[in-house]
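# Residue-level structural notes
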Amino acid sequence: MNNGAIATRALILRVLKLVLPMTGSRLIQIMSNFIGIVMLAHLGHTVLAASNLISISFVFVLVVITSLFYSVSVVTGQIYGAERFNQIAVLVQQAILLSLILGSLTILLFWRIDHVLLLFHQDPKLVYYVEIFFHAVSWAAISAAAFVATWATVAADVSSPASTRRLVSLTA
């Protein structure tokens, strides 16, 4: 064998060491979702349909809320690149305040999700199950929004140890 073939084989083995665990974890995730759907189907058609409505509604709200925070990471990156580090602390505070406001609005939406779904002519039997789910999950809305807001500020490559220490010292 020549050196090119050995290098190619070594590269393939390195890639497989990365790909196989990732593929395995995705397969396990897909199987757990499938098993969950099968278990819901055993509870009846109404519960299965309600779980689908829950999933679609939850993803819609999640995408709308989290997409508002994506701009925070862009602005953080611009401020960091301009080396105006004291403004990052202000941006973090504003992002957390925004998360409190959006989290509170999300709680209100979750508590009134039945009215929204009935406005879109959803089956009242399904809305009953959806309402129970959203009432239970509503209490996590503010903390989830705050997590996304703080993650968005850190995700702008302000994650080096020196940057983190500087950010902590500015917010303290």
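Residues numbered from 1 in each chain as written. Predicted model: local features only at pLDDT ≥ 70, side-chain atom pairs only at ≥ 80, totals over all residues. Heavy atoms only, no water.

Taking 1.5 Å as the rise per residue, helix α3 (residues 85-111) with 27 residues should run 39 Å; its terminal C-alpha atoms sit 39 Å apart, in good agreement. Here α3 has its buried residues at I88, A89, L91, V92, A95, S99, L102, G103, T106, I107 and F110. (Helix = DSSP H or I, 4+ residues; strand = E, 2+ residues; numbered from the N terminus. Expected span 1.5 Å × (residues − 1). Buried < 20%, exposed > 50% of the residue type's maximum accessible area, 1.4 Å probe, protein only.)

The interhelical angle for the contact between helix α1 (residues 3-43) and helix α2 (residues 45-81), taken along N-to-C directions, is 135 degrees, at an axis separation of 5 Å. With respect to their mutual orientation, α1 and α2 come out oblique. Only V47, L48 and S51 of α2 make contact with α1, whose side of the interface consists of I37, L40, A41 and L43. For the contact of α1 with α2, the class distribution of residues is six nonpolar, one polar and no charged. (Axes fitted to C-alpha atoms, helices over the stretch in contact; angles between N-to-C directions. Parallel < 35°, antiparallel > 145°, perpendicular 65-115°, else oblique. Contact = heavy atoms within 4.5 Å. Nonpolar A, V, L, I, M, F, W, Y, C, P; charged D, E, K, R; others polar.)

So, on to the packing of α2 against α3. Where α2 meets α3, the axes come as close as 10 Å, and the angle between the chain directions of the two elements is 170 degrees. The pairing of α2 with α3 is recorded here as roughly antiparallel in orientation. On α3, the residues that touch F58, V61, I65, L68, F69, V72, V75, T76, I79 and Y80 of α2 are F85, Q87, I88, L91, A95, L98, S99, L102, T106, L109 and F110. For the contact of α2 with α3, the class distribution of residues is 17 nonpolar, four polar and no charged.

Take the confidence of the model for the protein chain next. Chain-level pLDDT for the protein chain is 83 on average; 87% of the residues reach the 70-or-more range. Looking at the elements of the protein chain, mean pLDDT is at its lowest for helix α7 (residues 161-171), recorded as 53, and at its highest for helix α4 (residues 113-119), recorded as 93. (pLDDT = per-residue confidence, 0-100.)

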